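# Coordinates in review
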Amino acid sequence: MKSLLQRLADDIPEQPDAVWEIQSNWIFDELRMLFDSRPRMSVAKDNNIFKGTILNYGLDESTLVCDEKKNKIEMMQQRIQELIERFENRLSDVSVHIKSTHSPQVEFVIQAKWQHETLKYLLVWDDAMSIFYLNEMA
């Protein structure tokens, strides 16, 4: 299985590129791009035809309208989980946990499996600046 970006960029789809994936930092780069991107159409996330397309690629935090900060963080946690499951179908057993909530920054731990490896990342969301920082965890 390939990510959306690989399917869009693959000039020779019949040749497997698992060797390239193993030798490169592919998942980190693609996840970082996923969190740095924003959907073109906010209504695409609710439309079954568009939600898995490039129109909905990226994380939309602009529509998070909540009275309580905790609910906003939990909604973002759910969106991160759905985003990875939708656009990184090569990963399995994806989990997203809230690590800390020191305002305005919130830290999420993302854990997933790819083939026989366990991947673990720290995603820092700066709510005030609407920026995400992705770091690998040891």
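Here we summarise the structure given alongside this text. For clarity, every value in this text was computed on a predicted model and none was experimentally measured.

With that settled, the discussion passes to the pairing of strand β4 (residues 131-136). Note: strand β3 (residues 117-126) against β4, six bridges, orientation antiparallel. When the bridges of β4 are listed, L123 appears paired with L134. Between the end of β3 and the start of β4, which pair antiparallel, lie four residues, with S130 showing a positive phi angle near 55°.

As a further point, take a nonpolar patch on the surface. On the surface, M129, I131 and Y133 cluster together into a nonpolar patch covering about 280 Å² of accessible area. Its place among the elements puts M129 in the loop between β3 and β4. You can call M129 exposed: its relative accessible area is 55%.

Let us now look at the nonpolar core. Core analysis: the largest hydrophobic core is formed by 28 residues, its most contacted members being F35, I80 and F108. Contributing elements (two or more residues each) for this core: α3 (26-36), α4 (69-87), β1 (92-100), β2 (105-114), β3 and β4. Excluding its chain neighbours within four sequence positions, the residues that come into contact with I80 are F35, L59, V96, F108, I110 and L123.

Quick look at unusual backbone geometry now. Phi at D93 is positive, roughly 50°, even though this residue is not glycine. Relative to the helices and strands, D93 is located in strand β1. A relative accessible area of 58% places D93 in the exposed class. Positive phi is not limited to glycine here, since S130 has a value of about 55°. Mapping S130 onto the fold places it in the loop between β3 and β4.

Turning our eyes to something else, we now look at the pattern of salt bridges. Across all of its chains, the model carries four salt bridges by this definition. Between R90 and E30 there is a salt bridge, with the nearest N and O atoms lying 3.1 Å from each other. One end of the pair, R90, is in the loop between α4 and β1; the other, E30, is in helix α3, with 60 residues separating them in the sequence. A salt bridge links K72 to D127, with the nearest nitrogen and oxygen atoms 3.2 Å apart. Note that K72 is positioned in helix α4 and D127 in the loop between β3 and β4, a separation of 55 residues in sequence. Where salt bridges share partners, they join E30, E88 and R90 into one cluster.

Time to look at the environment of K99. The residue K99 is located in strand β1 in this model. In this structure, the C-alpha to C-alpha distance between K99 and I110, residues eleven residues apart in sequence, is 9.9 Å. The residues touching K99, leaving out its near neighbours within four places in the chain, are E107, F108, V109, L122 and M137.

Calculation rules
Residues numbered from 1 in each chain as written. Predicted model: local features only at pLDDT ≥ 70, side-chain atom pairs only at ≥ 80, totals over all residues. Heavy atoms only, no water. Pairing = 2+ DSSP bridges. Helix = DSSP H or I, 4+ residues; strand = E, 2+ residues; numbered from the N terminus. Patch = residues over 30% accessible without salt bridge, like charges linked within 9 Å, V, L, I, M, F, W, Y side chains within 5 Å. Areas by Shrake-Rupley, 256 points an atom, 1.4 Å probe, with all protein chains shown as cover. Salt bridge = Lys/Arg side-chain N within 4 Å of Asp/Glu carboxyl O. Buried < 20%, exposed > 50% of the residue type's maximum accessible area, 1.4 Å probe, protein only. Core = buried A, V, L, I, M, F, W, Y, C linked by side-chain atoms within 4.5 Å. Contact = heavy atoms within 4.5 Å.

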